[in-house]
Amino acid sequence: MSQSRTMSLVESLANVIVGYGVAVVTQILIFPQFGWNPTLAQNMRIGAVFTAVSLARSFTVRRLFERIGRTN
């Protein structure tokens with residue numbers, strides 16, 4: 001079954017939103033072990049940058065696999 005571009009984006013967004021929460025919590029727990037003590041706001045901004053990159057990556061890979069699936 002084929003997935004529309006819209007549903008690809010919705011799936012990627014859901015995945016990335018969950019990933020954002022996991023990333024921020026992980027940063028809060030791990031960064032201090034390396035001597036880094038960013039504020040919550042800084043952790044959220046760092047997480048937002050990685051989230052934007054992750055969204056673009058996830059959407060691109062999904063569409064690539066969709067294209068490959070149509071050619072086979």
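Treat the numbers as computed from the prediction; the structure is a model and nothing was measured.

### Quick word on the packing of aromatic side chains
This structure, assessed with the given rule, holds two aromatic pairs. Between F31 and W36 the ring centres are 5.4 Å apart and the planes differ by 80 degrees, which places this aromatic pair in the edge-to-face class. Judged by relative accessible area, F31 falls into the buried class, the value being 18%. Among the residues examined, W36 registers a relative accessible area of 48% and is labelled partly exposed. Between F34 and W36, the aromatic rings sit 5.5 Å apart at their centres with planes inclined by 25 degrees, giving stacked as the arrangement.

### Some thoughts on the UniProt feature "transmembrane region" (unreviewed entry) in the chain
Under the feature "transmembrane region" (unreviewed entry), the UniProt entry names residues 12-34 and 46-65. Between the C-alpha atoms that bound residues 12-34 the distance is 31 Å, and the span itself is 83% helix and 0% strand. Annotated as residues 46-65, this span is 100% helix and 0% strand, and its ends, taken at the C-alpha atoms, are 29 Å apart.

The rules behind the values
- Residues numbered from 1 in each chain as written.
- Predicted model: local features only at pLDDT ≥ 70, side-chain atom pairs only at ≥ 80, totals over all residues.
- Heavy atoms only, no water.
- Phe/Tyr/Trp six-rings, centres within 6.5 Å; stacked < 30°, edge-to-face > 60°.
- Buried < 20%, exposed > 50% of the residue type's maximum accessible area, 1.4 Å probe, protein only.
- UniProt positions renumbered as here; feature names shortened; annotations may be inferred.
- Helix = DSSP H or I, 4+ residues; strand = E, 2+ residues; numbered from the N terminus.

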